[in-house]
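Fold and contact review
One letter stands for each residue in the lines below.
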Amino acid sequence: MTNLTDAEAQAALLSAALPFMQRYENKTVVVKYGGHAMGNQELGRAFARDIALLKQAGVNPIVVHGGGPQIADMLKRLGIESRFEGGLRVTDARTVEIVEMVLAGSINKEIVALINAEGEWAIGLCGKDGNMVFAERARKTVVDPDSNIERVLDLGFVGEPVEVDRTLLDLLARSEMIPVIAPVAPGRDGHTYNINADTFAGAIAGAVKAARLLFLTDVPGVLDKNGELIPELTVAQAKALIKDGTISGGMIPKVETCIQAIERGVEGVVILNGKTAHAVLLEMFTEQGAGTLIVP
Ligand SMILES: Nc1ncnc2c1ncn2[C@@H]1O[C@H](COP(=O)(O)OP(=O)(O)O)[C@@H](O)[C@H]1O
Ligand SMILES: CC(=O)N[C@@H](CCC(=O)OP(=O)(O)O)C(=O)O
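Keep in mind the model is a prediction, meaning the values are calculated, not measured.

Observations concerning the UniProt feature "binding site: substrate" (unreviewed entry) in the protein chain
According to UniProt, the "binding site: substrate" (unreviewed entry) feature falls on Gly67, Gly68, Arg89 and Asn194. Their sequence span is 128 residues, while the largest C-alpha to C-alpha distance among them is just 11.8 Å; these annotated residues converge on one region. Along the chain, Arg89 turns up in strand S4 (residues 88-89). For Arg89, a count of 21 C-beta atoms within 10 Å translates into the label buried.

Structure, rendered in structure tokens:
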């Protein structure tokens, strides 16, 4: 057997990936990069390389990032307790300041720097920039399992994206720039709101009618009752798995966001393991893909 040189191996890989690259040429792909998927520096670099390669392959990537664990670390350093209700961080006036600093400040700029180190031009934004997203105070309720009484949650400055203006994103799509967006947005009431990053990514993907929305998380995708990966699900099948309890915890809002995004015109949503190096390229440019694809 002859040994391939690096250049020959790269050429072989490129020719195998070519039909997939053509499928997504000039299409928008929104990638939600979760705080748990951020892992170590090596994984961060692999993620940045994947985003840079998407752009070089003619795809229009938009990164929306989270940073839940990183916010928790900073709050702990400042002696502020993290509290969640219904999977959302209870966000008082002091907490929203820290959330904005961590998300739109340190994490956003770290991702921008990683992508730029791969030779691309990333630009760090949040919902405030270019009047991209406006939020309203989230109105969530939970049903107490013991009394069956519905209770309105007081989440403070937690927002729901209610208006998305794609002007700035359309402008960037025609440029060399890759938008990297933190899930923080203003309200028409003048306050700043903390938005769950999955919800925010779904709203952005819906507004730009993305060809794909990828959720990078810490599990291989949606798993069945035996813990096996489900490669593909329709919206109806996904709803049934929530109903029968196979999908639980943090996976419920994620899958619900996927369903909503599809209903808003996103062609397909994939939940995949961000802790696998180059998960984005594996999903986009290989026959078998990676993770769970949810389709209409
Ligand atoms: N059927 C399921 N398949 C995969 N994960 C599931 C399932 N049901 C519940 N989960 C849980 O959902 C978690 C992912 O949601 P979450 O922790 O909110 O992700 P992230 O922090 O990346 O947004 C998994 O780590 C897993 O514990
Ligand atoms: C309202 C709310 O809960 N906002 C989230 C925003 C960050 C996020 O969603 O980050 P991950 O994707 O890493 O979980 C928070 O404060 O943690």
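Quick notes on the site of ligand 1
Among the 16 residues in the neighbourhood of ligand 1, the closest are listed as Gly34, Thr217, Leu223, Gly250 and Met251. The class makeup of the residues in the shell around ligand 1 is five nonpolar, eight polar and three charged.

Notes on unusual backbone geometry
Positioned with a positive phi, Asn131 is a non-glycine residue whose angle comes to about 50°. Along the polypeptide, Asn131 turns up in the loop between strand S5 (121-126) and strand S6 (133-137). Within the chain, Asn148 stands out as a residue other than glycine whose phi angle is a positive 65°. Relative to the helices and strands, Asn148 resides in the loop between strand S7 (141-143) and strand S8 (150-152). On the basis of neighbour counts, which here come to 7 C-beta atoms within 10 Å, the residue Asn148 falls in the exposed class.

So, the environment of Val99
Within the secondary structure, Val99 sits in helix H4 (residues 93-116). Residues Val99 and Met74, 25 residues apart in the sequence, show an inter-C-alpha distance of 8.9 Å. Setting aside residues no more than four positions away along its own chain, Val99 makes contact with Ile71, Thr91, Val184 and Asn194.

Rules of the game
- Each chain carries its own residue numbering, running from 1 in the direction its sequence is written.
- Chain letters and ligand numbers both follow the written order, the letters beginning at A and the numbers at 1.
- The predicted origin of the model limits local features to residues at a pLDDT of at least 70 and limits the giving and counting of side-chain atom pairs to 80 or more, whereas totals for whole chains, interfaces and linings rest on all residues.
- UniProt positions are given in the numbering used here, feature names are shortened, and annotations may be inferred rather than shown by experiment.
- Think of it this way: any DSSP run of H or I at least four residues long counts as a helix, any run of E at least two long counts as a strand, and we number them from the N terminus.
- With C-beta atoms placed from the backbone, the exposure class of a residue follows from how many other C-beta atoms lie within 10 Å of its own: 20 or more, buried; 12 or fewer, exposed; in between, partly exposed.
- Nearness here has a simple definition: the residue's C-beta atom, placed using the backbone, must lie within 6 Å of the molecule or strand.
- Gly is placed with the polar residues, together with every amino acid not listed as nonpolar (Ala, Val, Leu, Ile, Met, Phe, Trp, Tyr, Cys and Pro) or charged (Asp, Glu, Lys and Arg).
- Placing C-beta atoms from the backbone, we regard two residues as in contact once those atoms come within 7 Å.

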